[in-house]
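# Fold and contact review
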Amino acid sequence: GTGMFENKKIAVLGAGKLGEALITGMIDAGIASKKQFIATAAHKERLEILKKKLGVETTLSNSDAVRKSQLVLLCVKPQTVGDVLRQVSDDLTPKHVVMSVAASVTIQFMESILTAPVPVIRTMPNTPCYIKKGMTAIAPGRRCLKFRSRYLMRGRRRWTWRSRRLPPGTICSSSRPRRGGTR
């Protein structure tokens, strides 16, 4: 089986390079299968590439993807996070978990847009994640304390309970591969 993701549909909103890397990593790690994903992109050509390369379901509609899923990976560019969340806000319920990889977008900003009390997790993967050697900083929002040990991907990660601690981690982890130590 696929453990914690068994029978869970995963929407990847904005499946560009990072979204594709997350899908591939989860499939390769054996924690999710191709049939569990539904990926979105702004252009039909990108969706055709994803469908052919990864064999996952695709759609141009973020709302359709959210309605079919339980876990929502928000992989859009930071400047479009607000618009995308407003677009899908009515489709999100407290049974969803939203996990964002958008740099510089705070949990408070995302939670303020959502109409339902949806758990939000802010993550910051570094560039080596593209070759499955990355480190991810993870900060759960105020509505997701019970999700601390759930919905995790394999690999190195660092939990922080304060989202404001992510920017220094972003600067350090994005500039070069992590070199030993635990700081």
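Here goes a summary of the coordinates provided. Quantities reported herein were computed from a predicted structural model and do not represent experimental measurements.

Bringing helix α4 (residues 81-88) into the picture now. Along α4, the positions that sit buried rather than exposed are Val81, Gly82, Val84, Leu85 and Val88. Summarising the axial view, the buried residues of α4 lie within an arc of 165 degrees, below the 170-degree limit, and thus occupy one face. On its buried side, α4 packs onto β1 (10-13), α3 (62-67), β4 (71-74) and α5 (107-113).

Here Thr40 is to be found in strand β2 (residues 37-40). Note on Thr40: relative accessible area 1%, which makes it buried. Side-chain polar atoms of Thr40 contact the side chain of Asn62, separated by 2.7 Å. What Thr40 contacts, discounting residues up to four positions off in sequence, is Val12, Leu13, Gly14, Ala15, Leu47, Thr59, Ser61, Asn62 and Ala65.

Of the positions making up helix α2 (residues 44-54), those classed as buried are Leu47, Leu50 and Leu54. Projected onto a plane normal to the axis of α2, the buried residues spread over an arc of 65 degrees and lie on a single side. Across from the buried face of α2, at angles greater than 90 degrees, the exposed residues are Lys44, Glu45, Lys52 and Lys53. Among the residues trailing α2, Gly55 stands out with phi positive, at a value near 70 degrees.

One finds Ile10, Val12, Ile23, Met26, Phe37 and Leu73 to be the most contacted residues of the largest nonpolar core, which totals 25 residues. Secondary-structure elements contributing two or more residues to this core are β1, α1 (17-28), β2, α2, β4 and β5 (97-100). Among the elements that line this core, the one with the most residues is α1, at 4 residues. With 24 residues, the next largest nonpolar core counts Val84, Val98, Val105 and Ile113 among its residues.

Cut-offs and rules
- Residues numbered from 1 in each chain as written.
- Predicted model: local features only at pLDDT ≥ 70, side-chain atom pairs only at ≥ 80, totals over all residues.
- Heavy atoms only, no water.
- Buried < 20%, exposed > 50% of the residue type's maximum accessible area, 1.4 Å probe, protein only.
- Helix = DSSP H or I, 4+ residues; strand = E, 2+ residues; numbered from the N terminus.
- Arc of directions from axis to C-beta.
- Contact = heavy atoms within 4.5 Å.
- Polar contact = N/O pair within 3.5 Å; in protein donor to acceptor, adjacent residues only side chain to side chain.
- Core = buried A, V, L, I, M, F, W, Y, C linked by side-chain atoms within 4.5 Å.

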